[in-house]
Amino acid sequence: MRITSLKKSHIQEIIDLSDTAFGQGYLTIDYLKKYINSSKKSGFVTLSESNKLIGFILLESLSIKNFSNQVLEEKEWFNTYFQGYKNITLIHQIAVNSSFQKQGIATNLLNHFRNQTTVNLELICCFAWVKENFTPFKKILLKDGFLFIKKINNYWLKDSSSKKYNCSYCGAPPCKCSAEIFIKK
Ligand SMILES: CC(C)(COP(=O)(O)OP(=O)(O)OC[C@H]1O[C@@H](n2cnc3c(N)ncnc32)[C@H](O)[C@@H]1OP(=O)(O)O)[C@@H](O)C(=O)NCCC(=O)NCCS
């Protein structure tokens, strides 16, 4: 297994994994192309011995203004809470193929990005997906020293309807899942 930066040739495999892990249509080719040769967005993938893509993480370094533009709900709350921070690193998505889970792949992706990034990690933030009553990424984040700060119900409700993507738990839009927000300073 090895971790490498996201390349154009990985995009279709990321979409295939995302369609299963998150829901069909959630990640698109146009969205993922923006991670190639970007100074603000970064993506890393885990490849198996046979070069099959088995995991990925997508991140972005944002000013508070750009962060606020990307937040789907409760912008004002975030503007107040994150006041004073110049740079927020947002963990957008992380997923590991179900056949390869619980082998430390997500943990390694998280550590890899931290070792590789040249961005000042003043504040890292993650909107973790709550699947029914379970938050798959939560244990890893807490183990890593992240702090839970807020839960937002129906976080993707409007976004899933307007962009018309499925949720692997709710099915066709709207997605009624919640997000739990974690930060690490
Ligand atoms: C959340 C997700 C990315 C975690 O990926 P993962 O690679 O299984 O995560 P890790 O292996 O690093 O850690 C998970 C567990 O495996 C354990 N583990 C780590 N290395 C291990 C190893 N070598 N052998 C056995 N278990 C190991 C970890 O301790 C952890 O166990 P715990 O839950 O008891 O603490 C994955 O479940 C997933 O893709 N879920 C669907 C999409 C999703 O929800 N993404 C998050 C959105 S915010």
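Above this text is the structure in question.
Draft legend 1. Main features of the overall build of the protein chain. A tally of regular secondary structure across the protein chain gives seven helices and seven strands. Put simply, the protein chain runs from its N terminus to its C terminus through helices and strands in the order β-α-α-β-β-α-α-β-α-β-α-β-α-β. For 185 residues, the compact-globule formula gives about 16 Å, and the C-alpha radius of gyration of the protein chain, at 16 Å, lands near that figure. Overall, the protein chain is about 45 × 40 × 30 Å in size when its C-alpha atoms are taken along their principal axes. For the protein chain, the residues scored as buried account for 35% of the 185 residues in total. For the protein chain, restricting intrachain contacts to residue pairs at least 6 apart in sequence, the fraction spanning at least 24 positions comes to 67%.

Draft legend 2. How the structure looks around the pairing of strand E2 (residues 41-47). Within E2, five of the seven residues are buried, which leaves it mostly tucked inside the rest of the structure. Where strand E1 (residues 2-5) lies against E2, four bridges are found, and the strand directions are antiparallel. Looking at the pairing, Thr-4 lines up with Val-45 of E2. Bridge count for E2 against strand E3 (residues 53-62) is seven bridges, and the pairing is antiparallel. Directly across from Gly-43, in E3, lies its bridge partner Leu-58. The turn linking E2 back onto E3 is made up of five residues, and Asn-51 within it adopts a positive phi angle of 65°.

Draft legend 3. Structural context of the sheet that holds E1. Read across the sheet, seven strands follow the order E1-E2-E3-E4-E5-E7-E6 without closing on themselves; strand pairing throughout is mixed. Looking at the sheet topology across the chains shown, the edges are occupied by E1 and strand E6 (147-152). For this sheet, the mean angle separating the axes of adjacent strands, direction not counted, is 25°. Packed onto the sheet, helix H5 (residues 105-116) meets E1, E2, E3 and strand E4 (88-96) and runs at close to 35° relative to E3.

The rules behind these values
- Residues numbered from 1 in each chain as written.
- Predicted model: local features only at pLDDT ≥ 70, side-chain atom pairs only at ≥ 80, totals over all residues.
- Helix = DSSP H or I, 4+ residues; strand = E, 2+ residues; numbered from the N terminus.
- Rg over C-alpha atoms; globule rule 2.2 N^0.38 Å.
- Buried ≥ 20, exposed ≤ 12 C-beta atoms within 10 Å, placed from the backbone.
- Contact = placed C-beta atoms within 7 Å.
- Pairing = 2+ DSSP bridges.
- Axes fitted to C-alpha atoms, helices over the stretch in contact; angles between N-to-C directions.

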